[in-house]
Amino acid sequence: MAANGAFGRVLVGVKRVIDYAVKVRVKPDKSGVETVNVKHSLNPFCEIAVEEAVRMKEAGLATEVVAVCVGPKKAQENIRSALAMGADRGIHIETDEEVAPLNVARILAEVAKAEEPSMFILGKQAIDDDSNQTGQLLGGFLGWPQGTMASKIEPVSDTAVHVTREIDGGLETLELSLPAVVTADLRLNKPRFAALPNIMKAKRKKIDAKTPADFGVDMASSLQTLEVNEPPVREAGIMVGSVDELVEKLKGDGLI
Amino acid sequence: MFALTSSALATACRRSLSTAAPALASLYNPTEEHELLRQTVRAFADSEVRPQALEHNREEKFNLELFRRLGSELGLLGITVPEEYGGSGMDAVGAVIAHEELSAADPAFTLSYLAHSMLFVNNLAVNGSHEQKLKYLPKACSGEFVCGMGMSEPAVGTDVLNLTTTARANDDGSWTLNGAKMWITNGTVSKDRELGDAFLVYARTAEGPKGISLFLVDKGMPGFEPGAKIEDKLGMRASSTSGLVFEDVVVPADALVGEVNGATLCMMRNLEIERLTLAAMSLGIARRSIEVMNNYSTERMAYGKPLREHGQMKAHLANSYAEYMAGRAYTYEVASRLELDSYGNQLDTDGVKLFAADMAKDVADRAIQVLGGYGYVGEYEVERLYRDARLISIGGGTNEAHQNNMSKVMARIQQFE
């Protein structure tokens, strides 16, 4: 599989999400959040995954970076962002259905079987549903080792990588044999700004158009959303004049 | 018929200013590349440019390091230059997007960008020979060179065709320049008056308004010195402005850009994109001013309710937004039909700057009014934007010059489309 790079192709999962700066509002019928006329962008953790894959290619470790996206027609913009950052081509599995981790992982597993990558890098979670499941499910479907929430990825040979994870007690380093699934944490890298010459080049890069049916996956979700609500409004605090008064208040409220 | 339901109104209010209706979105971002350009420049402006603006304004200091990153990291310095010379091959709309987005973070920094990328880089890309472009553009596009353009003089501004800097032809084909230029952005690039790396300089080569030629002049040529660094400007203080002095500066024959006595054509071509991108800077100033006053008027309470619920504040907000959008639509409409190597669009390239400059000044003024005392101090941004906005009715053509030009063109038109 390895041609020029120490290992071969790297696939990256990219998801279209509501932009992090948007104040999300619940729809009046409580069926979900408002998405119409709301700014969307590439999920920040996916951006980190793309950056990592592109750096691997620049370092001569990866031969090709492919951005894979399951999402609506407009998600093509977000694939284009990944191409502008340096991914070589895209695969767009178009669907207007809800993009739930289980179905996405099923599709990505089929894409992986067809593309035979050395590594599949995903964001550890998407900032819309915060599921943190797709990478793990994908590893399960493929039977590949997985290193989730990676803060560092270091190749140790052309058949294995070390993945460092931030865990409660400190840092944990795993050795994964390739092919493997890795999910990116915040501190893995700082994604670049897409340079204008690369933006111009991105339009000449190819995006394959597919559907979930091409991979034999039914997008119907096994989960049903009953109701979506705004988080409860936090009550205003009070100012106290002294530590004594604070202690008295806490005691009075039965908190200490 | 015109009643908006409260929920529709609420939806409209929730939209960020960047999310326009689909038809207008295509005017502002006609292609996916324009959309990505806007995203990347806005992200850079928010995280890298705005945080340094206040400090560099206070110190009256040009941020050279950040400027170079516009080239090395973003590829913005040669935005309109073909790829073969190290540029990005974008159009006038792309140039407008870059100026608008950068200016929303720091107009002074953006002015230095404009002087380099439009007045030098685009000017040479349009008017220079293949050899001249190969010699200068790759370095100017990467950020290795910081460049500028010299047209105004101590006693010549709007009446630029009366300029007095001279270039005398020598027997060996070279030229000798004498005279002085004034108000040159990027003339010097540091506090200790280090010259910019290369300049396009307009100089007289014959009597009369057509007797003007354009020359490339490099830092280090004997007799080429910086004039005074102009301090204490009202605004644009983080952009370096200087005089340039030419004392028997000998430039080689191949430093002549275009034809002898042919520089009025270069000038006309380049003034159009200059005015358009200055208008774009005004749009950035206006948008940021609106964002600041809009958010402040939601958060600040007076008489038990948010400022925005007071009628007088509503007028400031709504009038500012409507005027901004009018200026924005006009500017992008003109940008969408401007060919970079053409001229003859003066009516509207003067028109957009005439309108947008005063619009931004008014909007920034209202932002100060909405913020009250906070608006009057530097930390709240609009004080700086207000001062920076003021330049654009003067630099790159005074309002009076635009009115003069436009009136002349309009005299030839009986009916408007």
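Residues numbered from 1 in each chain as written. Chains lettered and ligands numbered in written order. Predicted model: local features only at pLDDT ≥ 70, side-chain atom pairs only at ≥ 80, totals over all residues. Heavy atoms only, no water.

- If you check an unreviewed UniProt entry, chain B appears there as Isovaleryl-CoA dehydrogenase from Thecamonas trahens ATCC 50062.
- Its UniProt record gives chain B a comment under Catalytic activity (unreviewed entry), which states: "(2S)-2-methylbutanoyl-CoA + oxidized [electron-transfer flavoprotein] + H(+) = (2E)-2-methylbut-2-enoyl-CoA + reduced [electron-transfer flavoprotein]".
- Among the UniProt annotations of chain B, the heading Sequence similarities (unreviewed entry) holds the following wording: "Belongs to the acyl-CoA dehydrogenase family." (UniProt positions renumbered as here; feature names shortened; annotations may be inferred.)

- As annotated in an unreviewed UniProt entry, chain A is Electron transfer flavoprotein subunit beta from Thecamonas trahens ATCC 50062.
- Reading the Subcellular location (unreviewed entry) entry of the UniProt record for chain A gives the comment "Mitochondrion matrix".
- UniProt, in the comment section headed Function (unreviewed entry), describes chain A in these words: "The electron transfer flavoprotein serves as a specific electron acceptor for several dehydrogenases, including five acyl-CoA dehydrogenases, glutaryl-CoA and sarcosine dehydrogenase. It transfers the electrons to the main mitochondrial respiratory chain via ETF-ubiquinone oxidoreductase (ETF dehydrogenase)."

### Describing the UniProt feature "domain: Acyl-CoA oxidase/dehydrogenase middle" (unreviewed entry) in chain B
Then step 1. The UniProt record marks residues 149–249 of chain B with the feature "domain: Acyl-CoA oxidase/dehydrogenase middle" (unreviewed entry), using the residue numbering of this structure.
Then step 2. Spanning residues 149–249 of chain B, this segment combines 0% helix with 46% strand, and its end C-alpha atoms are found 16 Å apart. (Helix = DSSP H or I, 4+ residues; strand = E, 2+ residues; numbered from the N terminus.)

### Overview of the interface of chain A and chain B
Then step 1. The partner chain B presents 24 residues to the 19 residues of chain A that form the contact.
Then step 2. Taken together, both faces of the contact between chain A and chain B bury some 2,000 Å²; the carbon and sulfur share is 60%.
Then step 3. By the criterion of area lost to chain B, the three top residues of chain A are Asn37, Phe193 and Leu196 of chain A, representing 36% of everything that side buries.
Then step 4. Along the contact surface separating chain A from chain B lie three residue pairs in polar contact (both at pLDDT 80 or more). (Contact = heavy atoms within 4.5 Å. Buried area = accessible area lost by both parts, 1.4 Å probe. Polar contact = N/O pair within 3.5 Å; in protein donor to acceptor, adjacent residues only side chain to side chain.)

### Regarding the sheet that holds strand 7 (residues 146–157) of chain A
All names here are of chain A.
Then step 1. With respect to topology, nine strands assemble into an open sheet ordered 9-8-7-10-6-1-4-5-11, the strand pairing being mixed. Because the sheet does not close on itself, it has two edges, and the strands there are strand 9 (170–177) and strand 11 (207–210). Each neighbouring strand pair of the sheet contributes to a mean axis angle of 30°, computed without reference to strand direction.
Then step 2. In this structure, strand 6 (residues 119–123) lies alongside strand 10 (residues 180–184), joined through five bridges in parallel fashion. Note on strand 10: the bridge partner recorded for Ile121 is Val182.
Then step 3. Sitting on the sheet, helix 1 (residues 44–58) touches strand 1 (9–13), strand 4 (64–71), strand 6, strand 7 and strand 10, and the angle it makes with strand 6 is about 150°. (Pairing = 2+ DSSP bridges. Axes fitted to C-alpha atoms, helices over the stretch in contact; angles between N-to-C directions.)

### Some words on the domain arrangement of chain B
Residues and elements named next belong to chain B.
Then step 1. Looking at chain B, the domain boundaries give domain 1 (18–142), domain 2 (147–261) and domain 3 (264–410).
Then step 2. Its C-alpha centre places domain 1 at a distance of 23 Å from the equivalent point of domain 2.
Then step 3. Residue-level contacts link 23 residues of domain 1 with 28 residues of domain 2.
Then step 4. In this assembly, domain 1 and domain 2 are joined by one salt bridge.
Then step 5. Here Glu60 ties to Arg237 by a salt bridge, and the two come within 2.8 Å at their closest N and O atoms. (Domains from an automatic or database assignment. Salt bridge = Lys/Arg side-chain N within 4 Å of Asp/Glu carboxyl O.)

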